[in-house]
Amino acid sequence: MRIKPGSARDWQPFLTTALENANDAIIFYDLASDGRSFCIAYVNPTFEEQTGYGPLEALGKAPDLMYGPQTDFAAARALAASLRACKPARGELLKYRKDGSTFWAEVNMRPLLEADGTLLGVVAIQRDITHRKRAEEHHTRTQALLDALMRNTDNLIFAKDLDGRYVFVNDEVARLFGKEREAILGRTDFDLFPHEIAERLRQNDAIAQALKAPATSEETIVTNGHSRTYLSVKFALYDEGGEPYATCGIATDITERVATTNQLKLLQIALDQANDAIVIFTLNGDAWHISYANEMMVRMTGYAREELVGGTTDLLTGPLSDVEALQRSRDDLKLGNGARGEFLAYRRDGSTFWIEFNASPLLTEGDERYTVVVYRDVTKKKDREEQLSFEASHDALTGAFNRRYLDRALEHALMDARQRQTEHGLIVFDLDGFKAVNDEYGHEAGDKLLAALTILIASRLRRGDVLARHGGDEFAVILLGCSLEQSRYIAEELLRAIDAYAYPWKGVRLHVSASAGITALDASEQTVRDVLRAADQACYAAKRGGKNRVALAER
């Protein structure tokens, strides 16, 4: 810009008004006396709005008043050099306000020259372009992130025009085909895949366009002789008139997942065909919760699978279950140990059965804790064991305890009497007239009579008392916690009951009485043999005394 001498008065008012009302900051710089640097000679009101510096603070200052650590000083020096060469300069600089905050400024500067071309100063128009720069930076970052995503994702990302020609593919698509991206662009699925696969892909494209919404499908493709399965999400792009102009897609390789799913299905089938119930528990807080149960567990317990999942073993316990033993097993599993055992379980309908369980912790890489438990219904085994145990300790004919059990019970009673300084009673009684029943009516009648009398005697005893068959027609009763006098009273009651009883047999009524001998099980140093001999001798004394009576053993 060249200034003609004597012309200032003609344009001064207009220029002043324009400068004062400009939307951009206007700055006049004077050339300093050194002929190289500049200093501020004038700023308009917008300058103060931009920078926070008022005219008095800015006048006489160098341009670096608005510079700071992040200002591009090399660019600023280049602008100054262009101006010193009397050439216009334009650029963008990060500048600093008075309060230290930054803003981006677009500066458009022109030299002011004397008529002879001598540099007089500079006029600068400074525009705040912070919003634009931030938008550009955001766009640049976004584009960089998008490019990085496209380069590094394992997904196939592609776009096709309405004729099915690829107009965009990412690097993963190129790697899939073993080609450069440019070699794929412009080609269709029919150029790249067997016809049957290409036709199916083309149909899925059409579905996405027709739905006007993302369409998800599984697509199996074959490239270079290898088959892969992808979960594909396709969607159409529309122009301003609402017409589709392209189909985009994102495909995720799920080949391994599909294989794993198929393996899990096979495993599920195998587990559901297992003869044992198999359950997986997950530790949730302090409780083990069922996360999986196979078909045998459903059949064994009567619970539906959805009723079992989420529940605990409390579903299987009831009034007679050994809950404390189960809790010990749970605690062992929390410590990472295995556990095994048996417990009485309850089905959904309330019926009981015996379960044998074998629990083992599952090792996982995560923090979750799992345990697999194999359950087996051992009710028949337990019934057999109980039957064998019953047979080992009971008389087969009468159901009373046998002589072996009687000896053990007497041993325990004598030990208890000595340890607690207490007393128990022992009654041995022999049936009067039983041989005559056998002789006249046969052994079957005698057996029936013995069984009936056993029931009669047991019904008059307490739950803790012991009734045993001592011999052919001899019985023994241990009366726990009874003195000799109490034992005598009970024995007399039993004899009266036996004498009053008659068993119906083929039109006749079979009748016997009994004689009883009593001795005390006390703290004295007696053996099982001693107390049985004493009671037997007392019983014989009762028989000799007239039968159907009670006799006390001599001390």
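Report on the accompanying structure. (Residues numbered from 1 in each chain as written. Predicted model: local features only at pLDDT ≥ 70, side-chain atom pairs only at ≥ 80, totals over all residues. Heavy atoms only, no water.)

## With respect to the nonpolar core
I427, F429, L431, L449 and I498 are the most contacted members of the largest nonpolar core, which totals 32 residues. Elements represented by at least two residues in this core include exactly β16 (424-432), α16 (434-441), α17 (443-458), β18 (474-479), α18 (484-500), β19 (503-505) and β21 (513-521). The dominant element in this core, judged by the number of residues it contributes, is α17, at 7 residues. When sequence neighbours within four positions are dropped, the list of residues in contact with F429 reads I457, D473, E474, F475, V477, I498, A514, S515, A516 and C539. Within the second largest apolar cluster, 25 residues are counted, among which are F281, L283, Y303 and A359. (Core = buried A, V, L, I, M, F, W, Y, C linked by side-chain atoms within 4.5 Å. Buried < 20%, exposed > 50% of the residue type's maximum accessible area, 1.4 Å probe, protein only. Helix = DSSP H or I, 4+ residues; strand = E, 2+ residues; numbered from the N terminus. Contact = heavy atoms within 4.5 Å.)

## Some points on the layout of surface pockets
Its boundaries defined by the atoms lining it, the second largest pocket holds a volume of some 380 Å³. In terms of lining, the second largest pocket is formed by 23 residues, of which the most central are F38, P63, Y67, A76 and A80. Mapped by element, the contributors of at least two residues to the lining of the second largest pocket are β1 (25-31), α4 (73-84), β3 (89-96), β4 (102-113) and β5 (119-128). At 7 residues, the largest contribution of residues to the lining of the second largest pocket is made by α4. Taken together, the residues of the lining of the second largest pocket break down into 16 nonpolar, 2 polar and 5 charged. (1 Å grid on protein atoms, 1.4 Å probe; cavity = no way out; pocket = protein on both sides within 12 Å on 5 of 7 lines; lining within 4 Å. Points joined across faces, edges and corners; volume = space filled by probe spheres on them. Nonpolar A, V, L, I, M, F, W, Y, C, P; charged D, E, K, R; others polar.)

## Here's the deal with the sheet that holds strand β9 (residues 226-238)
An order of β7-β6-β10-β9-β8 is seen for the 5 strands of this open sheet, with the pairing classed as antiparallel. Of all strands in the sheet, those bounded by a partner on one side alone are β7 (166-169) and β8 (215-223). The average undirected angle you get between the axes of adjacent strands in this sheet is 30°. Contacting β6 (156-161), β8, β9 and β10 (244-253), helix α9 (residues 195-211) runs over the sheet at an angle of about 160° to β8. (Pairing = 2+ DSSP bridges. Axes fitted to C-alpha atoms, helices over the stretch in contact; angles between N-to-C directions.)

Bear in mind that shape data such as this cannot, by itself, settle questions of function.
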